[in-house]
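Structural features, examined
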Amino acid sequence: VQLQASGGGLVQAGGSLRLSCAASGRTFSSYGMGWFRRAPGKEREFVAAITWSGGSTYYADSVKGRATISRDNANDTVYLQMTTLKPEDTAVYYCAARTRRAPAQLYYGYGYWGQGTQVTVSS
């Protein structure tokens, strides 16, 4: 499956963004999906995940209450809505499709990755 993330940009602290990840190729609806991010000089960090049906979602503590992951299986797209953005949210955000049995928070459970979209939050 090919993944294309979009929606990043420059936003002021306190603002909001909605990231999108469009999938093509294999059946999108059969995959759990996740969002990860990597800030400069830091390791890749789990942000949020959603099961194939959308019935369950998972969030990192750092974004809980400020992020909402959702999916539209009819349009092969997963979203990450983030509000009350902080400068520490600045990172490249990646969407990924789960291909292995592993906790949703662990990156090695994801076999397909998008190219990333830059989110910059100014103070």
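One structure accompanies this document, and this report is about it. No experiment lies behind these values; they were computed from the predicted model shown. (Residues numbered from 1 in each chain as written. Predicted model: local features only at pLDDT ≥ 70, side-chain atom pairs only at ≥ 80, totals over all residues. Heavy atoms only, no water.)

1. Quick notes on the side chain of threonine 77
Along the chain, the position of threonine 77 falls in strand E8 (residues 77-82). Here asparagine 75 takes part through its backbone oxygen, which lies 2.8 Å from a polar atom of the side chain of threonine 77. When neighbours within four sequence positions are excluded, threonine 77 is seen to be in contact with Ser20, Cys21, Ala22, Phe28, Ser70, Arg71 and Asp72. (Helix = DSSP H or I, 4+ residues; strand = E, 2+ residues; numbered from the N terminus. Polar contact = N/O pair within 3.5 Å; in protein donor to acceptor, adjacent residues only side chain to side chain. Contact = heavy atoms within 4.5 Å.)

2. Describing the nonpolar core
Membership of the largest hydrophobic core comes to 37 residues, with the highest contact counts inside it found for Leu3, Met33, Trp35, Ile69, Val78, Leu80 and Tyr93. Listing elements by their share of this core, those giving two or more residues are strand E1 (2-6), strand E3 (17-24), strand E4 (33-38), strand E5 (45-50), strand E7 (67-72), E8, strand E9 (91-98) and strand E11 (117-122). Apart from residues no more than four positions distant in its own chain, methionine 33 is found in contact with Leu3, Cys21, Phe28, Ala48, Ala49, Ile50, Ile69, Arg71, Val78, Ala96, Ala97 and Tyr110. (Core = buried A, V, L, I, M, F, W, Y, C linked by side-chain atoms within 4.5 Å. Buried < 20%, exposed > 50% of the residue type's maximum accessible area, 1.4 Å probe, protein only.)

3. Examining the packing of aromatic side chains
Summed over the entire model, instances satisfying the criterion amount to six aromatic pairs. When the ring of tyrosine 31 is compared with that of tyrosine 112, the centres are 5.9 Å apart and the planes differ by 85°; the resulting orientation is edge-to-face. Here tyrosine 112 lies in strand E10 (residues 110-113) and tyrosine 31 lies in the loop between E3 and E4, a separation of 81 residues in the sequence. With a centroid separation of 5.6 Å and an interplanar angle of 70°, the aromatic rings of phenylalanine 36 and phenylalanine 46 are classed as edge-to-face. Of this pair, phenylalanine 36 sits in strand E4 while phenylalanine 46 sits in strand E5; the two residues are 10 residues apart in sequence, bridging distant segments of the chain. Exposure class is identical for phenylalanine 36 and phenylalanine 46. Each is buried. Pairwise contacts between aromatic rings join Phe36, Phe46, Tyr110 and Trp113 into one cluster. The ring of tryptophan 113 carries arginine 44 above its face, with NZ or CZ at 4.8 Å from the centroid. Across the ring face of phenylalanine 28, the terminal group of arginine 71 is positioned such that the distance to the ring centre comes to 4.4 Å. (Phe/Tyr/Trp six-rings, centres within 6.5 Å; stacked < 30°, edge-to-face > 60°. Lys NZ or Arg CZ within 6 Å of the ring centre and 35° of its normal.)

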